[in-house]
Amino acid sequence: MSNIFDLSELRANLIESLSAESGEKSRKEIVKAYLEKIGELENSYTVKDFKKGLEWINVTEPLSLKTHLKGKIIILDFFTYCCINCMHILPDLKVLENQFSTEDGLVVIGVHSPKFSNERKTANVAAAVERYEILHPVVNDAEETMWESLGVCCWPTLVVVGPNGDVLLELMGEGHKELLQCFISECLIFFKSKGILSNHPLPQIQPFQHTFPSSAQPLLYPGKIIVSNNLVAIADTGHHRVVILDTSGKVQHVVGGPDSGFVDGSFSEARFHALQGIAFYSSSILFVADTENHAIRQIDLTSCLVKTLVGTGKQSNDRFGGKLWTAQAISSPWDLCIVKEHVLIIAMAGTHQIWALFLEDTVWWKNKKYTKGVCAAIAGSGREENRNNSYPMSSAFAQPSGLCFSSSFDGIFIADSESSTVRKLHVSDGQVLSVVGGTIDPRNLFGFGDIDGKGVEAKLQHPLGVTWSESHKTLYVADTYNHKIKLIDPSNKSCTTLVDENMKPFKFNEPGGLYVVEDNLYVADTNNHQIVIVNLKSKITNNLVVQLSSKSGEKNKGIPVVEERTLNLSSHGGNLNIKIDVILPDGATLTSGAPSKWSIELPAGCKWLVNTSAGIGDKFYTSEKWAVKINELNSNNTENNIQICCFVFYCLKDVCSSKKVAFLIHIDRNNNAPESAECTLKYVIS
């Protein structure tokens, strides 16, 4: 019998034994016996080192199994950042990282092995690393060299590597938290007793930081957006909060944030975790898909309170449901919409299904009665497929992530992200039909691309959002990984690209949500940290400027001020002309496609006009000139400081890094001062 077969059999027996055994002492003995047995095998499989030239994130130099990681227990997390199942195991890894340090002998490394072409770019991976708050080293293995070397076949897969580079264990899929904790704990004890565990540190960890905490650019990876009764509600996903403003941009409420948590209560006390979908139930009630808390939350604008409607705060594998309110546990709700006035439809990305929360007693398909408060699956078997069917529970979805309702078509349109399709669920009978994208084979989840056309001839790439325009009779789709908006005519299943006045596609950076109101299309331009309004008639775009007051706690805390200047300016108003010069290290270049930007925080209470020829939020270039024009300053205003923040993503050799710095300008206003002032602000990144 070969050693490879012996090892495979031992691993299978280990997993089976640990799954069947509940006693802690017995589980430890099982792991110890397993480690002793594999130590007796000759020529055990050794992991090949990381390919040279790969780009790394969160470390100052590329890591090597032969040097940096020698003598460590390593967990290689093979993931692709689109995958909801990959997201589900991140909390498990964080628990281990908090329990055992690098000096204790444990190192977690994310090996990004992309599914979609868009995921091969390091800038996009870096944005996902920040968005998911991943602090351990991540390598972008764009050509999947280590994936192929180890024979990995699915996302996520965890491979545990011993101190000498030998493969100790392989776990596919999610749901291995307790088994993994037990195994790692015993591995550390076992190899330390053998004297082959090392406590040396890794090269300095440099986690990517949140990049837009300023009041001029207050959003961080905004997800979904909805507009109702002149109110705009934004899922400010990276800040774990909901921002509610009027259509002029003035903020009315900030609910939750800036840190994650699972807390009900007042708007300032409430906490969310990477929330996504939002739905208005009435003018004063909003429902929120609190994705990483696996819950549905309610925001009451009258009482200014948040409460949990569904979910326990922990992920569930339940694929049927049927319990009342918070007794029903759920998994990663991603989007919401209301149908039949009192039914909340939920895109349950975590179980690849469509669920419903019945807000009143309801008679549903086939005269089935649901009591008020019941939350249950209504479509999708739970298998990850692109399967259409006349029977809703026999259909199958692949990470549904966007929802909207159309009365004209009596249907719920679904952005089914992992199958790269748009689907339709009939409200009258539950029939699931294809609209555009994907392939005929329901098991093929690789039918993606960027092609206008009809039906399956059209190709999308990981769409996350849909919105229906009744006046235009058009379905708008956030074609997220193509960085575009697509237009679909459901009557003939045609799909085209939204273009500007020059017939060129509007370009975004992984837009995650959108909502149409008459001729205005609101787009959550997620990786550009902004909301863009596209006028569908004029084909002109404008940014929705979110006007947070200083009381909202959005000052640039934690961003180092590298230079301060005082400028004299007339109290009657004038112009500031400011030049920024941020110099990169020798040999470094801006990370292609990364959201390197600058933003400006202006004093409240004054009338400021900002010349945006360079564009607040445009890509950052060194020596870019821009101007701030000030009119009719209020002499009674006591806040005279302007803060400018630069957020730079750059690569030096194989390592990608980020830098955030702030410049502070004090304005001294008096009647005798000139009506114009200028300065150059300079910073050298070392």
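All figures in this text were calculated on a predicted structure; none of them were measured in a lab.

### Some points on the overall build of the chain
Then, number 1: Secondary structure assignment for the chain yields 6 helices and 44 strands.
Then, number 2: With 686 residues in all, the chain has 58% of them scored as buried.
Then, number 3: By element, 48% of the accessible surface of the chain is carried by carbon and sulfur atoms, the whole surface being about 27,600 Å².

### What about the sheet that holds strand 33 (residues 520–525)?
Then, number 1: In space, the 4 strands of this open sheet follow the order 32-33-34-35, with antiparallel pairing throughout. The open sheet has two free edges, formed respectively by strand 32 (513–517) and strand 35 (541–543), since each of these has just one partner strand. Shown here is a sheet whose adjacent strand axes are inclined to one another by a mean of 20°, direction ignored.

### Regarding the packing of helix 3 (residues 84–99) against helix 6 (residues 177–193)
Then, number 1: Axis separation between helix 3 and helix 6 bottoms out at 10 Å; the angle between their running directions is 25°. On the basis of the axis angle, helix 3 is roughly parallel to helix 6. You can see that helix 3 and helix 6 cross each other, and the crossing is right-handed. Here helix 3 contributes D92, L93, V95, L96 and Q99 to the contact with helix 6, which in turn contributes K177, L180, Q181 and I184.
Then, number 2: A breakdown of the residues in the contact of helix 3 with helix 6 according to their chemical character gives 5 nonpolar, 2 polar and 2 charged.

### Quick look at the confidence of the model for the chain
Then, number 1: Taken residue by residue, the chain gives an average pLDDT of 88. The fraction at 70 or more is 89%.
Then, number 2: Across residues 210–216, where pLDDT falls below 50, the model places 35 contacts with residues more than four positions away in sequence or in other chains.
Then, number 3: Scored below 50 in pLDDT, residues 550–557 shows 16 contacts in the model against residues more than four places distant or in partner chains.

### Regarding the sheet that holds strand 12 (residues 278–280)
Then, number 1: The 5 strands lie next to each other as 11-15-14-13-12, forming an open sheet whose pairing is antiparallel. The outermost strands of the open sheet, each flanked by one partner alone, are strand 11 (265–266) and strand 12.
Then, number 2: As judged from the 6 bridges shared by strand 13 (residues 285–290) and strand 14 (residues 295–300), these two strands associate in the antiparallel manner. Bridge pairing in strand 14 places I285 opposite D300.

The rules behind these values
- Residues numbered from 1 in each chain as written.
- Predicted model: local features only at pLDDT ≥ 70, side-chain atom pairs only at ≥ 80, totals over all residues.
- Heavy atoms only, no water.
- Helix = DSSP H or I, 4+ residues; strand = E, 2+ residues; numbered from the N terminus.
- Buried < 20%, exposed > 50% of the residue type's maximum accessible area, 1.4 Å probe, protein only.
- Areas by Shrake-Rupley, 256 points an atom, 1.4 Å probe, with all protein chains shown as cover.
- Pairing = 2+ DSSP bridges.
- Axes fitted to C-alpha atoms, helices over the stretch in contact; angles between N-to-C directions.
- Parallel < 35°, antiparallel > 145°, perpendicular 65-115°, else oblique.
- Left-handed = near helix turned anticlockwise from the far one by under 90°.
- Contact = heavy atoms within 4.5 Å.
- Nonpolar A, V, L, I, M, F, W, Y, C, P; charged D, E, K, R; others polar.
- pLDDT = per-residue confidence, 0-100.

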